[in-house]
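# Structure assessment
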Amino acid sequence: MNDTSLKNDGRTGFSRRRFITGTGSLLGAAALAGPTPSAWATPRTAAVPIASGSRVPALVIGTGYGGCVAALRLAQAGTDVHMAEMGMAWDTPGPDGKIFANTTRPDDRSFWLRTRTKQPLSNFLGFPLDRNVNRYTGILDAEEFGGITVYQGRGVGGGSLVNGGMAVTPRRENFGAILPTVDAEEMYSTYYPRANSGLGVTTIDPAWFEEADCYQYARVGRKHAQRAGFPFLFVPAVYDWDYMKREAAGTVPRSALDGEILYGNNHGKKSLQKTYIDRIRATGRVTISPLHKVTTVTPAPGGGYTVLIDQLDTTGRTTATKTVTADKVFFAAGSVGTSKLLVGLKATGALPLLNDEVGRGWGDNGNVMCGRANHLWDPTGKLQASIPTGGIDNWDAGGAFAEVAPLPTGIETWASFYLSITKNPHRARFTWNAAAGRAELDWQTAWKQPSIDAAKTIFDRINRKEGTIYRSDLFGVHKIWGDHLTYHPLGGAVLDKATDNYGRLHGHPGLYVIDGALIPGNTSVNPFVTITALAERNIERIIATDL
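Now for a quick tour of the structure. Remember, it's a predicted structure, so these values are computed and weren't measured experimentally.

## Observations concerning empty space enclosed by the protein
Under the counting rule described, the total for this entry stands at 2 cavities of 30 Å³ or more. In this structure, the second largest cavity occupies an estimated 30 Å³ of space. Tyr 217, Thr 380, Gln 384, Val 404, Ala 405, Pro 406, Leu 407, Ala 415, Ser 416 and Phe 417 together form the lining of the second largest cavity. The element contributing the most residues to the lining of the second largest cavity is strand β15 (residues 415-422), with 3 residues. Of the residues that constitute the lining of the second largest cavity, the class distribution is 7 nonpolar, 3 polar and no charged.

Pasting the structure below:
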């Protein structure tokens, strides 16, 4: 699709108006519809929450990758664990019979405590995509700071509920720049394999990939990458490929082939709910309280830590505040959640002995997005699997790894879409704003320029080779780059700085960081396998020496 491809070409009858009308899902249902009724206004889980006054041997704050690793291994070692999760359980279907909302039809379930959606792709062909919704404890948090929007999962399972499922282990030669104080040999021989096994990571059947209609977009992306001289890599994922084959055959309900990803996946994706959390529940030693937000952690007079927890309803209102005592506390609220909590606890005097490294070293994993407008003879397919399977590696020459991402609109777009992970050197810091009573991040929008420059080393070259152009209708009016966001927040309580080399927080024995806050800003690829593997490494040492 070039500059004239949105005009009627006199042969196909293709026009901008025809492209927009009659397409159903993306524009008709999502962008132009009005607000939905509040059909999900009551709690939808029968979980028994923790009682005020309880004492627990181990409290895990958050139920994402690091938190689930910690809870499982502690329970297997004989320790009783309680997990406090700010989001919902996501275990009960709504009035439409589904637990999760469709990517192209966002509703109240889609966003965390917003009255208007804030979708990563904000526009399409000049039309805004966001719509009004009712305030609800939905699954995706679009948390806005001064210079960046950070997308995070909210619910039991954390980021595993909303990510694209690309389970990438970094190239070993890049590992020294990711976690310089960690032994690469033990990570690649023991903890990466353990993480991949625990997460259920597998690779698509290459033969099926070649024939599947739903991966036409990826094959086009591969062709363009290779013709420009870039290697195309098959990337493992946490999806049940046999289920996807049955989706394509029409024998099971569609999930990835119905565009489900951004706001959850109802069937085939192996989120933490289906892997680590299943095994956590089987131990009989772990309890989980959804809609419980930890606000304060302070040393308890008799040892351990006093933890204040707000119980929320589905409008975000606090319905009760509970006091719990924990012998040990594991911070696993995600990079942003853990960093904000620790910065506030230090600044307010709740945990005064935390060191000055708390809040530092935060990065966006170099995330930047873009789309390319292909020619009409290069369609990418109206049916697109929402699980990416391939990437373009130009890390050594240009500092960028780009996943060939889906654009599951339900219509033919002739567009190739990409999420790039780049070697961006900038790191931000969380600080405490006492007057406002909140943590703030000093990220600057201009810091995304190195990411754009790195991504351009791939896509400028592809465009030159193919005679194509960038799309400028996806992130605003005449805006090529999605440089306003990150899906991969990392850092803020960096390993061997804010903590020791196994995640023990300095100054307060019995407090640990076990999530992506430990990783200083970049993993060179999608980060959740590294977060999981590092948690496996750290909890093994903590169990051996601290329990």
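Structure shown, so let's carry the discussion forward.
## Some words on the sheet that holds strand β5 (residues 140-144)
Two strands in a sheet stick together by hydrogen bonds in their backbones, pointing the same way (parallel) or opposite ways (antiparallel). Strand order in this open sheet of 3 strands is β5-β6-β19, and the pairing throughout is mixed. On the outer flanks of this sheet lie β5 and β19 (485-486), each paired with one strand and no other. Pairing of strand β6 (residues 149-153) with β19, which is carried by 2 bridges, proceeds in the parallel orientation. The residue of β19 that forms the bridge with Thr 149 is Leu 485.

## Notes on the nonpolar core
Counting residues in each nonpolar core, the largest one holds 88 residues, and the members touching the most others are Met 83, Leu 199, Val 297, Val 329, Phe 330, Phe 331 and Trp 362. Dropping the residues within four chain positions of it, Phe 331 is found in contact with Ile 61, Val 297, Thr 338, Leu 341, Leu 342, Leu 345, Leu 505, Leu 511, Tyr 512, Val 513, Ile 514 and Asp 515. Grouped together as the second largest cluster of nonpolar side chains are 71 residues, Leu 121, Ile 139, Tyr 151 and Ile 452 included.

## A closer look at the sheet that holds strand β7 (residues 232-234)
Spatially, 6 strands are ordered β7-β13-β14-β15-β12-β18 in an open sheet, and the strand pairing comes out antiparallel. On the outer flanks of this sheet lie β7 and β18 (469-470), each paired with one strand and no other. Two strands pair when backbone bridges link them, and strand β14 (residues 400-405) and β15 are joined in this way by 6 bridges, in the antiparallel orientation. Note on β15: the bridge partner recorded for Phe 401 is Ile 421. Sheet contacts for helix α12 (residues 449-466): β12 (368-373), β13 (390-394), β14, β15 and β18; angle to β12, the most-contacted strand, approximately 10°.

## A look at the pattern of salt bridges
Counted under the stated rule, the structure contains 32 salt bridges. Put simply, Arg 171 and Asp 396 hold a salt bridge, and the shortest N to O gap is 3.2 Å. Here Asp 396 lies in helix α11 (residues 395-398) and Arg 171 lies in the loop between β6 and α4 (175-178), a separation of 225 residues in the sequence. The partly exposed category is assigned to Arg 171, whose relative accessible area is 26%. Asp 396 gets classed as exposed once you look at its relative accessible area, which sits at 60%.

## A word on helix α9 (residues 276-283)
When we look at burial in α9, the residues that qualify are Tyr 276, Ile 277 and Ile 280. Along the axis of α9, the buried positions cluster into a sector of 90°, meaning they face one direction only. In this structure, α9 carries Arg 281 and Ala 282 as exposed residues pointing more than 90 degrees from its buried face. Those residues of α9 that are buried are in contact with α3 (65-76), β2 (81-84), α5 (184-199), β8 (286-289) and α13 (528-546). Count one or two residues on from α9 and you reach Gly 284, which has phi positive near 75°.

Definitions and cut-offs
- Residues numbered from 1 in each chain as written.
- Predicted model: local features only at pLDDT ≥ 70, side-chain atom pairs only at ≥ 80, totals over all residues.
- Heavy atoms only, no water.
- 1 Å grid on protein atoms, 1.4 Å probe; cavity = no way out; pocket = protein on both sides within 12 Å on 5 of 7 lines; lining within 4 Å.
- Points joined across faces, edges and corners; volume = space filled by probe spheres on them.
- Helix = DSSP H or I, 4+ residues; strand = E, 2+ residues; numbered from the N terminus.
- Nonpolar A, V, L, I, M, F, W, Y, C, P; charged D, E, K, R; others polar.
- Pairing = 2+ DSSP bridges.
- Core = buried A, V, L, I, M, F, W, Y, C linked by side-chain atoms within 4.5 Å.
- Buried < 20%, exposed > 50% of the residue type's maximum accessible area, 1.4 Å probe, protein only.
- Contact = heavy atoms within 4.5 Å.
- Axes fitted to C-alpha atoms, helices over the stretch in contact; angles between N-to-C directions.
- Salt bridge = Lys/Arg side-chain N within 4 Å of Asp/Glu carboxyl O.
- Arc of directions from axis to C-beta.

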